[in-house]
Amino acid sequence: MGFQCGIVGLPNVGKSTIFNALTSAKAEAANYPFCTIDPNTGIVKVPDPRLAEIARYIPPQKLVPASMVFVDIAGLVKGASKGEGLGNQFLGHIRETQAIAHVVRCFSDPNVVHVDGSVDPLRDISVIDTELIFADLDTINKRYNQLEKAARAAQDKKAAAIMGVLAPVKAALEAGKPARSLNLSEDELALIHDFHLITAKKVMYVANVDDGDIGRSEPNEHVKKLLEYAKKEGSPVVQICGKIESEISELAEDEKAAFLSEMGMDEPGLNKVIRAGYELLGLQTYFTAGEVEVRAWTIRKGWKAPQAAGVIHTDFEKGFIKAEVYHYEDLMKHKSESAIRDAGALRLEGKEYVVRDGDVMHFRFAV
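On a predicted model such as this, the values are computed, not experimentally measured, just so you know.

**A few points about the overall build of the protein chain**
What the protein chain contains, in helices and strands, is 14 helices and 12 strands. Burial analysis of the protein chain (367 residues in total) assigns 49% to the buried set. Here the protein chain has roughly 17,800 Å² of accessible surface; of this, 50% comes from carbon and sulfur atoms.

Spelled out as structure tokens, the structure:
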């Protein structure tokens, strides 16, 4: 599907460490800025226990989980929008993603230097947001006057529609507010899509904490500030310890459960990051199940059956006839597809059917 979530943050916040653990890749993680110049891209499996549960009743040759792409982008610094620290190059990589995971340092470690000398999550967020706002303003200003003139011409209705969105976006940016603060609709975002505005993207915050903070009932003071800030913005916060996640990623599967239990964790924190990214992008999962494979497919919420079929193959969408549909919960209740059919829970749905998260589908199509 190509859904991408960019990982951003100041240098030395644990961004590349978290990316490495996410993808089991080995991006260079060093204690100085700009150690990551080219973006590192990793395909990440979306953790979903339903996949294995389906396989209990419809045994396949293989299980294929859904996936999404995380892109690790080098640490941004003040002046990135003007090219400081190869900033423009990095900002270009962010434009290509659909959402942003902003890693924020919420741990103290004298051995890991902070670029601004102290730990302050809200200041760090402000530095990143300011650079992204400047970058977006620069992008808008390059075309603004031309579009404004075109919008004044009575015959150019498209330019007028674009300006109807772009003018308030520009005003918000000039006031130091990201474009996402305007809560633009899908139609409004589509009108300004060609600008690839970074601050229009949805954001989640990843609070990187000390290992001593994991399992505590109360978040530390840095995380509390971050939670308060994110709540006002309507953005999710996921609290993890990059150091612990890095250790978990190095363990063999049979050792992970014991380690998690010892740490008082029911699953790796990165599972929460992946699911939060999935949710942030407005994604959901449907399944196909048979003797060859049980597979999870990623689609956008609100997609209809033909669009969902097109994820498997474009011919499925073009030649869509009907979809045989039942829900994951039906399989858990009735234990087999034949029993689901006998219970009348197997449905035939047409082109207008809106797919639900957890649907199990078989498509009928003609090429």
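**A few points about the packing of helix H8 (residues 242-250) against helix H9 (residues 253-263)**
Close contact between H8 and H9 brings their axes to 9 Å; oriented N to C, the two are set at 155 degrees. By the angle class used here, H8 and H9 are roughly antiparallel. Remark: the crossing between H8 and H9 carries right-handed chirality. Across the interface between the two elements, Ile244, Glu247 and Ile248 from H8 touch Lys256, Phe259, Leu260 and Met263 from H9. Residues belonging to the contact of H8 with H9 are distributed by class as follows: 5 nonpolar, no polar and 2 charged.

**Focus: the sheet that holds strand S6 (residues 202-208)**
If you trace the 6 strands from one edge of the open sheet to the other, you get S2-S4-S1-S5-S6-S7, paired in mixed fashion. Edge positions in the sheet fall to strand S2 (40-45) and strand S7 (237-240), since each has one partner strand and no second. Pairwise comparison of adjacent strand axes, ignoring direction, gives a mean angle of 25 degrees for this sheet. Across 4 bridges, S6 lies against S7 in parallel orientation.

**Points about the pairing of strand S10 (residues 320-327)**
Burial of S10 is extensive: 6 of the 8 residues sit out of reach of the surface. Examined bridge by bridge, S10 and strand S11 (residues 347-349) share 3 bridges and lie antiparallel to one another. Within S11, the position partnered with Val325 by the bridge is Arg347.

**Remarks on the nonpolar core**
Counting residues in each nonpolar core, the largest one holds 71 residues, and the members touching the most others are Leu22, Ile54, Phe70, Met204 and Val273. It is helix H10 (residues 269-280) that provides the largest number of residues to this core, a total of 6 residues. Counting 18 residues, the second-largest nonpolar core is a separate cluster that includes Tyr144, Ala159, Phe195 and Ala200.

**What to know about the packing of aromatic side chains**
Going through the model one piece at a time under the given rule, you end up with 4 aromatic pairs. Relative to Phe363, the ring of Tyr286 has its centre 5.9 Å away and its plane inclined at 90 degrees; by these criteria the two rings are edge-to-face. Linking Tyr286 in strand S8 (residues 283-289) with Phe363 in strand S12 (residues 359-365), this pair joins segments that are 77 residues apart in sequence. This pair shows no difference in class: Tyr286 is buried, exactly as Phe363 is. An aromatic cluster is present here, built from Tyr286, Phe320 and Phe363 joined pairwise through their rings. The ring of Phe195 carries the charged tip of Arg143 above its face, separated from the ring centre by 4.1 Å. The lysine or arginine in question, Lys170, covers the ring of Tyr144, its NZ or CZ lying 4.9 Å from the ring centre.

**Quick look at the pairing of S6**
Counting buried positions over the 7 residues of S6 gives 6, a clear majority of the element. The pairing of strand S5 (residues 99-105) with S6 spans 7 bridges and is classified as parallel. Note on S6: the bridge partner recorded for Ala101 is Met204. For the segment spanning S6, helix H7 (residues 221-233) and S7, crossover handedness is right-handed.

**What about the pattern of salt bridges?**
Here the structure, examined in full by the defined rule, presents 23 salt bridges. Taking the shortest distance from any N to any O, the salt bridge between Glu174 and Lys170 comes out at 2.7 Å. Of the two residues, Glu174 and Lys170 both sit in helix H5 (residues 157-174), 4 residues apart, roughly one turn of that helix. The exposure class of Lys170 is buried, given its relative accessible area of 15%. One salt bridge connects Arg347 with Glu349, and the closest N-O pair in it is separated by 2.9 Å. For Glu349, a relative accessible area of 18% gives the class buried. Salt bridges here are not isolated pairs; linked through shared partners, they connect Asp48, Arg50 and Asp357.

**Considerations on the side chain of Gln284**
Within the secondary structure, Gln284 sits in strand S8. Taking the relative accessible area as the measure of exposure, Gln284 reaches 8% and is therefore buried. Side-chain polar atoms of Gln284 contact the backbone oxygen of Val355, separated by 2.8 Å. For Gln284, the contacting residues outside a window of four places in its chain are Tyr278, Trp297, Thr298, Ile299, Arg300, Lys301, Gly302, Val355, Arg356 and Asp357.

**Examining the packing of helix H1 (residues 15-23) against H8**
For the pair H1 and H8, the least separation of the axes is 8 Å and the interaxial angle reads 30 degrees. Taken as axis vectors, H1 and H8 run roughly parallel relative to one another. Crossing angle aside, the handedness with which H1 passes H8 is left-handed. Residue-level inspection shows Thr17, Ile18 and Ala21 of H1 in contact with H8, the latter providing Gly242, Glu245, Ser246 and Ser249. Here the residues of the contact of H1 with H8 sort into 2 nonpolar, 4 polar and 1 charged.

Criteria and thresholds
Residues numbered from 1 in each chain as written. Predicted model: local features only at pLDDT ≥ 70, side-chain atom pairs only at ≥ 80, totals over all residues. Heavy atoms only, no water. Helix = DSSP H or I, 4+ residues; strand = E, 2+ residues; numbered from the N terminus. Buried < 20%, exposed > 50% of the residue type's maximum accessible area, 1.4 Å probe, protein only. Areas by Shrake-Rupley, 256 points an atom, 1.4 Å probe, with all protein chains shown as cover. Axes fitted to C-alpha atoms, helices over the stretch in contact; angles between N-to-C directions. Parallel < 35°, antiparallel > 145°, perpendicular 65-115°, else oblique. Left-handed = near helix turned anticlockwise from the far one by under 90°. Contact = heavy atoms within 4.5 Å. Nonpolar A, V, L, I, M, F, W, Y, C, P; charged D, E, K, R; others polar. Pairing = 2+ DSSP bridges. Core = buried A, V, L, I, M, F, W, Y, C linked by side-chain atoms within 4.5 Å. Phe/Tyr/Trp six-rings, centres within 6.5 Å; stacked < 30°, edge-to-face > 60°. Lys NZ or Arg CZ within 6 Å of the ring centre and 35° of its normal. Right-handed = clockwise from strand over helix to strand, strands pointing away. Salt bridge = Lys/Arg side-chain N within 4 Å of Asp/Glu carboxyl O. Polar contact = N/O pair within 3.5 Å; in protein donor to acceptor, adjacent residues only side chain to side chain.

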